[in-house]
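A structural walkthrough
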Amino acid sequence: RTWELPLLLLLGLGLGLRSQEALPPPCESQIYCHGELLHQVQMAKLYPDDKQFVDMSLSAAPDQVLQSFSTLAAVYNHSIPKQQLQEFVQQYFQPVGQELLPWTPEDWKDSPQFLQKISDPKLRTWAEQLHQIWKKLGKKIKPEVLSHPERFSLIYSEHPFIVPGGRFVEFYYWDSYWVMEGLLLSEMAETVRGMLQNFLDLVKTYGHIPNGGRIYYLQRSQPPLLTLMMDRYIAHTSNTTFLQDNIETLALELDFWTVNRTVSVNLGGESYILNRYYVPYGGPRPESYSKDEELANTLPEGQREALWAELKAGAESGWDFSSRWLVGSPNLDLLSSIHTSKQVPVDLNAFLCQAEELMSSFYARLGDNVQAARYKSLRDQRLAAMQAVLWDEQKGAWFDYNLENGKKNFEFYPSNLSPLWAGCFSDPGVVDKALKYLQDSQILTYQYGIPSSVRNTGQQWDFPNGWAPLQDLVIRGLAKSHSPQTQEVAFQLAQNWIRTNFDVYSQKLAMYEKYDISNGQPGGGGEYEVQEGFGWTNGVALILMDHYGDRLTSGTQLAFLIPHCLVAAFLLHLLLRWP
Ligand SMILES: *[C@@H]1O[C@H](CO)[C@@H](O)[C@H](O)[C@H]1NC(C)=O
Ligand SMILES: *[C@@H]1O[C@H](CO)[C@@H](O)[C@H](O)[C@H]1NC(C)=O
Ligand SMILES: *[C@@H]1O[C@H](CO)[C@@H](O)[C@H](O)[C@H]1NC(C)=O
């Protein structure tokens, strides 16, 4: 195996995206992934959200649908009126969601232990309600999807699972990690094992885990957290059999990141190998087709395929979209200048560094010292590369590295501290440098949560949106410090976020995928309306309440209100003294 890697790297590195090149489509289906039918229907904008059409299942065999469409297209000389398209879709497609059944997890129980750790009664009641929501987010796939996969965009999974919610009724890769942490607190390890098994099955079938459970997501992945999911499951259950049965599949998933997502960085006469998000597939994303097509139309034809590939790489990063992928371009508001694959991201490399460390300990546990040593050495190499390329001693944090101009991107993103969370550092002093970094970046002045960036671009992974997983990255990273001051800041950040979630829940009886940290309301911006549910938000709220349950309070505005109360008391006093 030792010679394979350098060879594949050489091949991979030669395959930069040249702009004129036609790239393969995101998947084979001529209905859900590319082709005239998809183009005509999506460009006619029959539905407010392009995802709706590609989530509908077929009422007839694909050949018959394509045949009938081609007849229709011929009748109207390839510009079919909206009315006729609508009728065609009604005839050959089913309304969304029918291939999924609601599912109540069998291992759901009334009062998981962790609830007892929460002292504030209002927060405890709220945590109980969040625990109830797992029952609403449970889904199971109908057997028809297994017997007739060609009629569905949904990818069949054998075991039921928990979805994010809202428009996201299928599984998503990195979301599932925070969902699983929440499920484990809810003592639902069986549900977690089923979800893990689904992911492992996908790796066996496709060689990687797709972004989400639809065929149109197939050629892109999402931040690689499978190894960590396994670690959390094993930590809760000690099911070494499950680890033994699946360790090779975990290794296979990491091979995908090595073979398909590696770059070499030359710096100071040394060459370092790190990872990036990179999706060399063309065409608009089927679920955001008209937006991608319209965006591409603002560019010369020769640049469109490259744009579509960069948009998919942005989706693969989980940060779709963000000024993070636009740095170095003249206009941060212009999504058409996105160049995700030209950045070496801190979080991706932190996640992989953690995965390599976990693999080393898994193999050691299973008695395979050769593999344990191999992963240990991969981790050490990555640690050295991250230190050399991404770490900045003066600022006290890690920064994405831009392959085009050879510079670090010194903008603030919570991901700049992700190596702390991932335990991917050798000097324990870096945790306290991180505190200074947050102070210097003026991030601790935001009372409702940590923003995704300090740039307001209208993209959903920028200011003023705050996302649950990014709060977790910073909070549990800082909590690793031995300094009481840094730990106190971690607690305060947890308190801010819990308060925002709790206050919005009290008003709207809902949890959201993101929040506006400038006003403590549900978030906005990006490509679609803010969604309720919401898997990872609930997971992170449960993690924080488990961790800090003895100290967190809902009693929020009280401290705020004291000055107002004093003024009111004084006025009342004046009033009462009035003759
Ligand atoms: C069909 O459309 C093409 C261009 O869109 C045009 O050149 C052609 O004349 C049309 N044919 C008929 C029969 O209308
Ligand atoms: C990963 O790379 C291999 C080798 O080049 C290729 O065959 C495979 O299709 C790639 N996988 C994806 C998802 O692009
Ligand atoms: C452990 O995992 C195996 C599958 O690898 C499964 O059959 C078994 O039931 C699991 N044990 C527990 C205690 O969940």
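This text goes with the structure placed above it.
In this text, all values refer to a predicted model and were calculated from it rather than measured experimentally.

About the thresholds
Residues numbered from 1 in each chain as written. Chains lettered and ligands numbered in written order. Predicted model: local features only at pLDDT ≥ 70, side-chain atom pairs only at ≥ 80, totals over all residues. Heavy atoms only, no water. Helix = DSSP H or I, 4+ residues; strand = E, 2+ residues; numbered from the N terminus. Rg over C-alpha atoms; globule rule 2.2 N^0.38 Å. Buried < 20%, exposed > 50% of the residue type's maximum accessible area, 1.4 Å probe, protein only. Contact = heavy atoms within 4.5 Å. Areas by Shrake-Rupley, 256 points an atom, 1.4 Å probe, with all protein chains shown as cover. Lys, Arg positive; Asp, Glu negative; His and termini not counted. Charge placed at Lys NZ, Arg CZ, Asp CG, Glu CD. Pairing = 2+ DSSP bridges. 1 Å grid on protein atoms, 1.4 Å probe; cavity = no way out; pocket = protein on both sides within 12 Å on 5 of 7 lines; lining within 4 Å. Points joined across faces, edges and corners; volume = space filled by probe spheres on them. Nonpolar A, V, L, I, M, F, W, Y, C, P; charged D, E, K, R; others polar. Salt bridge = Lys/Arg side-chain N within 4 Å of Asp/Glu carboxyl O. Phe/Tyr/Trp six-rings, centres within 6.5 Å; stacked < 30°, edge-to-face > 60°. Lys NZ or Arg CZ within 6 Å of the ring centre and 35° of its normal.

1. Let's talk about the overall build of the chain
Check the secondary structure of the chain and you find 21 helices and 13 strands. Relative to its length of 579 residues, the chain is compact, with a C-alpha radius of gyration of 25 Å against a globular reference of 25 Å. Viewed in the frame of its principal axes, the chain has a C-alpha envelope of about 90 × 70 × 55 Å. Buried positions account for 57% of the 579 residues belonging to the chain. Partitioning the intrachain contacts of the chain with sequence separation of at least 6 by distance along the chain shows that 71% fall at a separation of at least 24. Accessible surface for the chain amounts to roughly 24100 Å². Of this, 53% is attributable to carbon and sulfur atoms. One way to put it: in the chain the 47 positive side-chain charges average out to a point 4 Å from where the 64 negative ones average out.

2. Quick look at the side chain of Gln-495
Within the secondary structure, Gln-495 is located in helix α19 (residues 484-508). In this structure, Gln-495 is in contact with Arg-551, Leu-552 and Thr-553, ignoring residues within four places of it in sequence.

3. Some words on the pairing of strand β4 (residues 262-267)
The pairing of β4 with strand β5 (residues 270-275) spans 6 bridges and is classified as antiparallel. The residue of β5 that forms the bridge with Val-265 is Tyr-272. Remark: 2 residues form the turn of the hairpin made by β4 and β5, two consecutive strands paired antiparallel; Gly-268 in that turn has positive phi of roughly 55°.

4. Quick notes on empty space enclosed by the protein
For the structure on display, the rule yields 1 cavity of 30 Å³ or more. Estimates place the volume of the largest cavity at around 280 Å³. What lines the largest cavity is a set of 24 residues, among which Phe-168, Tyr-172, Gln-222, Asp-320 and Tyr-528 lie closest to the centre. Across the lining of the largest cavity, the residue classes tally to 11 nonpolar, 5 polar and 8 charged.

5. Thoughts on the pattern of salt bridges
Opposite charge on two side chains lets them pair, provided their charged atoms get close. Scanning all chains against the criterion turns up 30 salt bridges. One salt bridge in this structure joins Arg-285 and Glu-527, with 2.7 Å as the shortest N-O distance. Residue Arg-285 is located in the loop between β5 and α12 (289-296), and its partner Glu-527 is located in the loop between β13 (521-522) and α20 (535-548); the two are separated by 242 residues in the primary sequence. Several salt bridges converge on common partners, so that one network encompasses Lys-51, Asp-55, Glu-99, Glu-170 and Arg-214.

6. Topic: the packing of aromatic side chains
Counting across every chain of the model gives 39 aromatic pairs. Each ring, one from Trp-497 and one from Tyr-515, has its centre 5.4 Å from the other, and the planes form 85°; the classification is edge-to-face. With Trp-497 in helix α19 and Tyr-515 in strand β12 (residues 515-516), this residue pair connects regions lying 18 residues apart in the sequence. Residue Tyr-515 is classed as buried on the basis of its relative accessible area of 0%. Ring pairing ties together the aromatic residues Trp-174, Tyr-177, Trp-178, Trp-319, Phe-351, Tyr-413, Trp-421, Trp-461, Trp-467 and Trp-536, which thus form one cluster. Sitting over the face of the ring of Tyr-278, Arg-276 holds its NZ or CZ atom 4.0 Å from the ring centroid. Just above the ring of Tyr-413 sits the side chain of Arg-324; from NZ or CZ to the centre is 5.8 Å.

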